[in-house]
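# Analysis of the macromolecular model
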Amino acid sequence: MSWAHLHLMINHLPVLGAPLVLLLLGWALVRRSPGVARIALWGTVLLGPVAQFVSVTGERSEDRLEHVVALDEALVERHEETAEIGTRLLLLTAAFAAFALWRTRRAPNRRLLPATVFTGLLVASATLAYAAWTGGMIRHTEIHSGNWPTAAAEEHAERD
């Protein structure tokens, strides 16, 4: 198994995990359930290292993509930059979730800290979703719109 294969297998964990934990935390905030909020905060703490590992596998698989013919380097770069931002946001949110768990251990009814984690998860989820979309565009040409020409499309147009 290559790094690229591993990256493709696990990249959905933070992309899907962050919105799921976001929904769980939102439900906990609406229902005023500190126990459910703690579960969501722990989920957030766990997602941070997972996102970092996905990022590492992506960096290591980039070398294999250099040998792919007709690969649009701009798409790879856009995906890499967006994924890096999303990973950093999720790591920062995970660290803040750990802080929130520590601060609310004796006073579980504090809602400001989980609400701040909720905001971080919202932004990280949106960024990771965009990173996933840009990653899909690298090899799934069927999701390209007409105004996003790829190197393969340009090469095909030059042959015609």
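From a predicted model like this one, the values you see are computed outputs, not experimental measurements.

### Focus on a positive patch on the surface
Taken together, Arg103, Arg105, Arg106 and Arg110 make up a surface patch of like positive charges. Take arginine 110: it is sitting in the loop between α4 (73-103) and α5 (112-139).

### Description of the packing of α4 against α5
Direction vectors running N to C along α4 and α5 enclose 160°, while the axes themselves pass 8 Å from each other. When the interaxial angle is binned, α4 and α5 end up roughly antiparallel. The handedness of the crossing between α4 and α5 is left-handed.

### With respect to the nonpolar core
One finds Leu25, Leu41, Leu90, Val117 and Leu121 to be the most contacted residues of the largest nonpolar core, which totals 23 residues. At the level of secondary structure, the elements contributing two or more residues to this core comprise α2 (12-31), α3 (34-65), α4 and α5. When sequence neighbours within four positions are dropped, the list of residues in contact with leucine 90 reads Pro14, Leu47, Gly48, Ala51, Leu121, Ala124 and Leu128.

### Here we look at the packing of aromatic side chains
Counting across every chain of the model gives three aromatic pairs. Residues phenylalanine 96 and phenylalanine 99 carry aromatic rings whose centres are separated by 5.7 Å and whose planes lie at 45° to one another, so their mutual orientation is tilted. Of the two residues, phenylalanine 96 and phenylalanine 99 are both situated in helix α4; the distance of three residues between them amounts to about one turn of the helix. Exposure remark for phenylalanine 96: the relative accessible area of 29% places this residue in the partly exposed category. On the basis of relative accessible area, phenylalanine 99 is assigned to the partly exposed category, the value being 37%. Each ring, one from tyrosine 130 and one from tryptophan 133, has its centre 5.7 Å from the other, and the planes form 35°; the classification is tilted.

Analysis parameters
Residues numbered from 1 in each chain as written. Predicted model: local features only at pLDDT ≥ 70, side-chain atom pairs only at ≥ 80, totals over all residues. Heavy atoms only, no water. Patch = residues over 30% accessible without salt bridge, like charges linked within 9 Å, V, L, I, M, F, W, Y side chains within 5 Å. Areas by Shrake-Rupley, 256 points an atom, 1.4 Å probe, with all protein chains shown as cover. Salt bridge = Lys/Arg side-chain N within 4 Å of Asp/Glu carboxyl O. Lys, Arg positive; Asp, Glu negative; His and termini not counted. Charge placed at Lys NZ, Arg CZ, Asp CG, Glu CD. Helix = DSSP H or I, 4+ residues; strand = E, 2+ residues; numbered from the N terminus. Axes fitted to C-alpha atoms, helices over the stretch in contact; angles between N-to-C directions. Parallel < 35°, antiparallel > 145°, perpendicular 65-115°, else oblique. Left-handed = near helix turned anticlockwise from the far one by under 90°. Core = buried A, V, L, I, M, F, W, Y, C linked by side-chain atoms within 4.5 Å. Buried < 20%, exposed > 50% of the residue type's maximum accessible area, 1.4 Å probe, protein only. Contact = heavy atoms within 4.5 Å. Phe/Tyr/Trp six-rings, centres within 6.5 Å; stacked < 30°, edge-to-face > 60°.

Purely spatial values, then, with no claim about function.
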